[in-house]
Amino acid sequence: MTQTNSTTKKTVTTDKSLPRRHSPRDNARNVDFLVKISNILAKSLDIHALLEEVIDQIFYFMKRIDRGAILLLDKDTGELKEAVSKVRTSNHVNARINWSRAVAHKVIKEGNPVVLSDKSHEYRSGSLGDIEFDGILSAMCVPLRYKGEIQGVIYVDSITLPGGIRKDDLRLLSGLGDTTAIAIQNAQLYEDLKEELNERRRAEEALIKANRDLEETRDMLVQSEKFAAIGRLSAAIAHEILNPVNIISMRIQLLEALEGISESIRKPLRICKGQLNRIVTITESLGRSSRTSEKRRVIADLNETIERVVDLIAPQLRVDGIRTHVELHSGLPLIPMDKERIEQVIFNLVSNAAVAMTGSENKVLKITTKPNPQGSVLIAVSDTGAGIDPGDIDKVFDPFFTTKDPGEGTGLGLFIAYSIVQEHAGRIWAENNESGGASFYIDLPIERTPKRS
Ligand code: ADP
């Protein structure tokens, strides 16, 4: 250690000038330090955590220093940026310190370690800038070099102990610089890989979503084409059925008008008439479902239409013990619609909801409207009924689909509602509520979109 004093007099020194021999205590300390550091470097792939641990260990092993920082070169700007820093009086890693820029830049420029003390000539000459002014009594700085390229520096100094930093500290710090540079590089590669993986995952997710959207759109197109075809077919069949039905109906009226017919004949005639009326109702609604109402559309207030339906059906809802909540958005835009047909849709949904709540203890019907930012209005009709069997949710709009007892339902209400909403270039769908019951949603566009005929 006697050689040390002569070396400290040199202002700037490199590894080559350091003494080769160390005391057994120094050796043990150095080995301990290097083992600890290599453990840290091997296990951490988080750059920041890694550098924080490195600086903690430097402080633990180098008792003469009281400030330190690891500075990294920004590849784009060439600027030195503080990655971590520490002050001995503060346990707080990343307490900002006034590291000597002159010393750090000298190391970056020349690529050699620098050690200096208040006794050195260079220190006093002012060639290292602000160092004395900042109260730095000794400093040490080593490059972080990977494959010949300097990535930054490890900088430590003392502002309390004059007389320099120990020489073997510089040797230790230099060795640490090289291994830390490799670890930084590994962590950087890991970060890049992680980012690349994340990007790939994001791209995959976007692709899956695009695929799903495409499938949904295709299903909707197929569905609307299917409904349009069914609608046209129904209209033709309805027309064909109504003609003979009219003839049968007239004949029955003639028979009923005959005198002297016994009750045993009148009764079956009444039954036939009743069933014929049922055929007429069904076929007429089938015919109506496909009739376009383009010409009857006017710009109207949907809230008013809903209020009219609710007024009409309110007495029945009260009798059924159903509480009705109507929340209509006051700023709802007007929309182009066939008021009568939309009224029919709302009426169907409300009647279905009422029927679905027949056995429920708590019967609540909720009707809401609100504008949709995508340029449409959304109507929701929710109930607290039995809900829809999940297996049926895709079928409820199919013609003749009904879960009602024979003679009770036609299975045409929702089919007609679907056709009408389609005519308005809108969307209708059903969902089960989490709290029980079902909700039907209708989305109607504000602007009229031209429809293919
Ligand atoms: P119908 O009422 O004549 O059966 P719809 O087309 O109106 O014909 O309805 C078809 C089916 O959809 C119903 O039979 C019922 O199973 C189901 N459904 C409709 N509305 C509701 C509702 N609010 N809650 C539960 N199921 C419903």
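The structure we're discussing is the one just above.
Now for a description of the structure that goes with this document. No experiment lies behind these values; they were computed from the predicted model shown.

1. Quick notes on the layout of surface pockets
There is about 950 Å³ of room inside the second largest pocket. Taken together, 36 residues make up the lining of the second largest pocket; nearest its centre are Asn352, Val355, Thr402, Lys404 and Leu414. Looking at the lining of the second largest pocket, the elements with two or more residues in it are helix H7 (263-290), helix H9 (339-356), helix H10 (413-423) and strand E12 (438-445). It is H9 that contributes the most residues to the lining of the second largest pocket, 8 residues altogether. Tallied by class, the residues present in the lining of the second largest pocket amount to 15 nonpolar, 13 polar and 8 charged.

2. A short note on the site of the ligand
Taken together, 19 residues form the shell around the ligand, and within it Asn352, Thr402, Thr403, Lys404 and Leu414 come nearest. A distance of 2.4 Å is found between an oxygen atom of the ligand and a side-chain nitrogen or oxygen belonging to threonine 403. Contact distances for the ligand include 2.8 Å between an oxygen atom and a backbone N or O atom of leucine 414. Isolated, the ligand exposes 520 Å² of accessible area, and the fraction of that covered by the protein chains is 92%. Structurally, the ligand is housed in the second largest pocket. Looking at the shell around the ligand, the elements that each hand over two or more residues are H9, H10 and E12. For the shell around the ligand, the element with the highest residue contribution is H9, accounting for 3 residues. Broken down by class, the residue content of the shell around the ligand amounts to 9 nonpolar, 8 polar and 2 charged.

3. Describing the sheet that holds strand E9 (residues 364-372)
Strands sit in the order E7-E9-E10-E12-E11 across an open sheet of 5 strands; the sheet is mixed. Here the strands that pair on one side only, and so sit at the sheet edges, are strand E7 (323-328) and strand E11 (427-432). Mean inter-strand twist for the sheet, computed between neighbouring axes without regard to direction, equals 15°. Where E7 meets E9, 6 bridges bridge the pair, whose relative direction is parallel. Among the inter-strand pairings, arginine 323 is bridged to a residue of E9, identified as valine 364. Lying over the sheet, helix H8 (residues 302-319) contacts E7, E9, strand E10 (376-382) and E12, oriented at roughly 180° with respect to E9. Strands E9, E10, E11 and E12 of the sheet are contacted by H9, whose axis makes an angle of about 170° with E12.

4. Side note on the pairing of strand E5 (residues 149-158)
Counting buried residues in E5 gives 9 out of 10 residues, a clear majority hidden from the surface. Taken together, the 6 bridges between strand E1 (residues 67-73) and E5 define a ladder with antiparallel strand orientation. In the sheet register, leucine 72 faces E5, and the bridge partner there is glycine 152. Examined bridge by bridge, strand E4 (residues 138-146) and E5 share 9 bridges and lie antiparallel to one another. The residue of E5 that forms the bridge with valine 142 is isoleucine 154. Linkage of E4 to E5, two consecutive antiparallel strands, is achieved through a turn of 2 residues, within which lysine 147 is found at a positive phi near 50°.

Reading guide: rules and limits
Residues numbered from 1 in each chain as written. Predicted model: local features only at pLDDT ≥ 70, side-chain atom pairs only at ≥ 80, totals over all residues. Heavy atoms only, no water. 1 Å grid on protein atoms, 1.4 Å probe; cavity = no way out; pocket = protein on both sides within 12 Å on 5 of 7 lines; lining within 4 Å. Points joined across faces, edges and corners; volume = space filled by probe spheres on them. Helix = DSSP H or I, 4+ residues; strand = E, 2+ residues; numbered from the N terminus. Nonpolar A, V, L, I, M, F, W, Y, C, P; charged D, E, K, R; others polar. Near = heavy atom within 4 Å. Polar contact = N/O pair within 3.5 Å; in protein donor to acceptor, adjacent residues only side chain to side chain. Areas by Shrake-Rupley, 256 points an atom, 1.4 Å probe, with all protein chains shown as cover. Sits in = over half its atoms within 2 Å of the grid points. Pairing = 2+ DSSP bridges. Axes fitted to C-alpha atoms, helices over the stretch in contact; angles between N-to-C directions. Contact = heavy atoms within 4.5 Å. Buried < 20%, exposed > 50% of the residue type's maximum accessible area, 1.4 Å probe, protein only.

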